[in-house]
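Residues per chain are reported as follows:
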Amino acid sequence: MSLLSTLSTFDHRRLWFGVARTVLASGQIVLLAFTDPRALLVPVGDQPAAPYCDGVKAISAYCLGGDVLAPSTRHAIMLILLVVVASGFLPRATGILHAWVTFSIAGSIALPDGGELAAKVVTLLLVPMCLTDDRWWHWTRPRSSLSPSARGVAYAALWAVRLQVAGIYLHSGVGKFASSDWLSGTAEYYVLRDNMFGAAGWVRDLGVAVMSVPSFAFAVAWGSIALEIAVGVIILCGTDRLRRVALSAVIVFHVGIIVTIGLWTFALVMIGAVAVACLPATPRGSAPHHVPAVLSALRRRLRPDRGSPSLSGIPATVPVADEGADGIPSPHRAVVPEQGRR
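Sequence order sets the numbering: in each chain, residues are counted from 1 along the sequence as written. Totals for whole chains, interfaces and linings use every residue, but because this is a predicted model, local features are given only for residues with pLDDT of at least 70 and side-chain atom pairs only at 80 or more, for both listing and counting. Hydrogens and water are ignored here; the side-chain numbers use all heavy atoms of the structure.

Enquirer: How do you make sense of the confidence of the model for the protein when you look at a structure like this?
Expert: A low pLDDT means the predicted coordinates there should not be read in detail. Residues of the protein with pLDDT of at least 70 account for 82%, and the chain-wide mean is 83. Note that residues 284-295 has pLDDT below 50 and, in this model, seven contacts with residues that lie over four places away or in other chains. Contacts for the low-pLDDT stretch residues 330-342, under 50 throughout, to residues beyond four places or in other chains number 15 contacts. The pLDDT value tells you how sure the predictor is about a given residue, anywhere from 0 up to 100. When checking whether two residues touch, look at their non-hydrogen atoms; a contact exists if any pair is within 4.5 Å.

See the structure below:
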């Protein structure tokens, strides 16, 4: 499909977009709901205690108003805002709130991880797409079509997200070539055994036992590298169908990360970000409406025409038959001339 034809039909306001936003917000909801605010603001090394409010970070939800609100109260307010975002209410407004809360978390807490930093960029890039979404809920169908300018802005924002997300996966995959542990296939073994970030309990015992098999450990390590590079390439160059496959692989990959080392926030944020990046560019609802179209065609076929037997039980008027040259009545007018020629 050419760029012009894509721009003439592109509409991101679909269920796919809503689910991606909800998953993206859920990653940060998990962080705030199950983490003590003091753990997020604990001093690190020789740095001052968080929150950090220098420069542009002064507009953070942790910094506005100074000491008027306690960090725990700000924490609760941000959690409520994220729940509203995840509910899908009024994307045009909550898209901006989502970007602000994500910026606040990533910029002001003491120990942001890759999930918060990725979410900060992706939610900012989603703002143009949210501003062109005039629905009350992102679970419903739009009642009007997008204007050409809104369609172009949303499509450009989608590609900005694709470039960012693809860059994350390509950087992660290619960057592993600089690590001897990844090249030798032992990286996953050491990650599971890490005292701070590794697995725990029976998952640790099972994972270490499995990764003690050299061939399996090598396959998992190099499989991770291949998957990350492939996802980055497919997001940039693949078709909509290939992007669906990539999204499925990413979900399995990050669910495995959740099960083994418990990185809930990072995994949910990356699944949501990839879901946005893999948003199909085909016309909204083109595939799901094949069945209604077929049913409509069947109804037209079964609808009684004039002069045909009525489906309601009332006999229709039968046309008077013409007689041919031999005096034999013919029920079809079209064959009369042929009989006359005989």
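There is more to say after this.
Enquirer: Would you take a moment to explain the state of the cysteines for this structure?
Expert: In plain terms, two cysteine sulfur atoms within 2.5 Å form what is called a disulfide here. Taken as a whole and judged by the stated rule, the model has one disulfide. Each sulfur of the disulfide joining C53 and C63 lies 1.9 Å from the other. A torsion of -85 degrees about the S-S bond marks the disulfide between C53 and C63 as left-handed. Note that C53 is positioned in the loop between α3 (37-40) and α4 (71-87) and C63 in the loop between α3 and α4, a separation of 10 residues in sequence. Numbered from the N terminus, helices here are DSSP runs of H or I no shorter than four residues, and strands are runs of E no shorter than two.

Enquirer: Looking at this structure, I do not really get the pattern of salt bridges. What am I missing?
Expert: One side chain can pair with another of opposite charge once the charged atoms of both are near each other. Counted as salt bridges are all cases of a side-chain nitrogen of Lys or Arg within 4 Å of a carboxyl oxygen of Asp or Glu. In this structure the tally under the stated criterion is six salt bridges. Within the structure, one salt-bridge network assembled from shared partners comprises D11, R13 and D134.

Enquirer: Hey, could you run me through the packing of helix α2 (residues 15-33) against α4 in this one?
Expert: Helix packing geometry: the angle between the two helix axes and the distance between the axes. Here an axis means a line fitted to C-alpha atoms, over the contact stretch when the element is a helix, while the angle between two N-to-C directions is reported on a 0 to 180 degree scale. Running from N to C, α2 and α4 cross one another at 160 degrees; their axes reach a closest spacing of 9 Å. Comparing their axes, α4 and α2 come out roughly antiparallel. The hand of the α2/α4 crossing is left-handed. Across the interface between the two elements, R21, T22, A25, Q28, I29, L32 and A33 from α2 touch H75, M78, L79, L82, V83, V85 and A86 from α4. Roughly parallel covers angles under 35 degrees, roughly antiparallel covers those over 145, roughly perpendicular covers 65 to 115, and oblique covers all other angles. Left-handed is the label given to a crossing in which the near helix is rotated counterclockwise from the far helix by less than a right angle, and right-handed is the label when the rotation is clockwise.

Enquirer: What's the story with the packing of aromatic side chains in this structure? I'm lost.
Expert: Within a pair of aromatic rings, the relevant descriptors are the distance that separates the centres and the angle that separates the planes. The rule is short: rings of Phe, Tyr and Trp, with Trp giving its six-membered ring, pair when the centres are within 6.5 Å, and they are stacked under 30 degrees, edge-to-face over 60, tilted in between. Summed over all chains, the structure comprises six aromatic pairs. A ring pair is formed by F89 and W136, whose centres lie 6.2 Å apart and whose planes are at 40 degrees; its orientation type is tilted. One end of the pair, F89, is in the loop between α4 and α5 (91-108); the other, W136, is in the loop between α6 (114-131) and α7 (148-175), with 47 residues separating them in the sequence. On the basis of an interplanar angle of 75 degrees and a centroid distance of 5.5 Å, the ring pair of Y189 and Y190 is categorised as edge-to-face. Think of it in three bands: residues with accessible area under 20% of the maximum for their type are buried, residues over 50% are exposed, and the middle band is partly exposed, with areas taken using a 1.4 Å probe on protein chains only. Y189 sits in the partly exposed class, given a relative accessible area of 23%. Taken together, the ring pairs in this structure connect F89, W136 and W137 into an aromatic cluster. The ring of W159 has R162 lying over it, and the distance from NZ or CZ to the ring centre is 4.8 Å. Taking NZ or CZ as reference, K176 lies 4.8 Å from the ring centre of W182, over its face. In our convention, an over-ring charge means Lys NZ or Arg CZ found within 6 Å of a ring centre and within 35 degrees of that ring's normal.

Enquirer: Just checking my understanding: could you explain α7 for this structure?
Expert: An α-helix turns once per 3.6 residues; consequently, residues spaced three or four apart project the same way. Here a helix's expected span is defined as the number of its residues, less one, multiplied by 1.5 Å. For α7, with 28 residues, the first-to-last C-alpha span of 40 Å sits near the 40 Å given by 1.5 Å per residue. Those residues of α7 that sit buried are A150, R151, A154, Y155, A157, L158, V161, R162, V165, A166, Y169 and G173. On the buried face of α7, the contacting elements are α1 (3-9), α6, α11 (214-237), α12 (240-261) and α13 (264-277).

Enquirer: What exactly am I supposed to notice about α6 here?
Expert: Between its terminal C-alpha atoms α6 stretches 26 Å, which fits the 26 Å expected from 18 residues at 1.5 Å a residue. What we call the bend at a residue is the angle made by axes fitted to the seven residues finishing there and the seven residues starting there. The sharpest bend along α6 measures roughly 30 degrees and falls at L125, with the proline P128 sitting one to four residues further on. Taken as a whole, α6 has its buried residues at G115, E116, A118, A119, V122, T123, L126, V127, M129 and C130. In this structure, the buried residues of α6 make contact with α2, α5, α7 and α13.

Enquirer: Please clarify how the nonpolar core should be interpreted in this entry.
Expert: Soluble globular proteins: nonpolar side chains tend toward being buried together. Think of a nonpolar core as a cluster: buried Ala, Val, Leu, Ile, Met, Phe, Trp, Tyr and Cys residues, connected wherever their side-chain atoms sit within 4.5 Å. L126 and V165 are the most contacted members of the largest nonpolar core, which has 34 residues in total. Those elements that provide at least two residues to this core are α2, α6, α7, α11, α12 and α13. Those residues within four positions of L126 in sequence are excluded, and the remaining contacts are F17, L24, V161 and V276.

Enquirer: Any chance you could explain the environment of G18 here in plain terms?
Expert: Within the fold, G18 resides in helix α2. Of the residues examined, G18 reaches a relative accessible area of 0% and is grouped as buried. Remark: the alpha-carbon pair of G18 and P91, spanning 73 residues in sequence, is separated by 8.9 Å. The residues touching G18, leaving out its near neighbours within four places in the chain, are H138 and W139.

Enquirer: Honestly, unusual backbone geometry in this entry has me stumped. Any pointers?
Expert: Both trends apply: most residues other than glycine have a negative phi, and most peptide bonds are in trans. Here the phi dihedral of L90 falls at roughly 45 degrees; this positive angle occurs in a residue that is not glycine. Here L90 lies in the loop between α4 and α5. L90 gets classed as partly exposed once you look at its relative accessible area, which sits at 26%.

Enquirer: What's the story with a nonpolar patch on the surface in this structure? I'm lost.
Expert: Residues L15, V19, I80, V84, F89, W136, W137 and W139 make up a contiguous nonpolar surface patch of roughly 790 Å² in combined accessible area. Contributing elements (two or more residues each) for the nonpolar patch: α2 and α4. Here I80 is to be found in helix α4. Taking the relative accessible area as the measure of exposure, I80 reaches 56% and is therefore exposed. A patch is a set of surface residues, each over 30% in relative accessible area and not in a salt bridge, joined within 9 Å for like charges and within 5 Å for the nonpolar side chains Val, Leu, Ile, Met, Phe, Trp and Tyr. What sets the accessible areas is the Shrake-Rupley method with a 1.4 Å probe; for residues, cover comes only from the shown protein chains.

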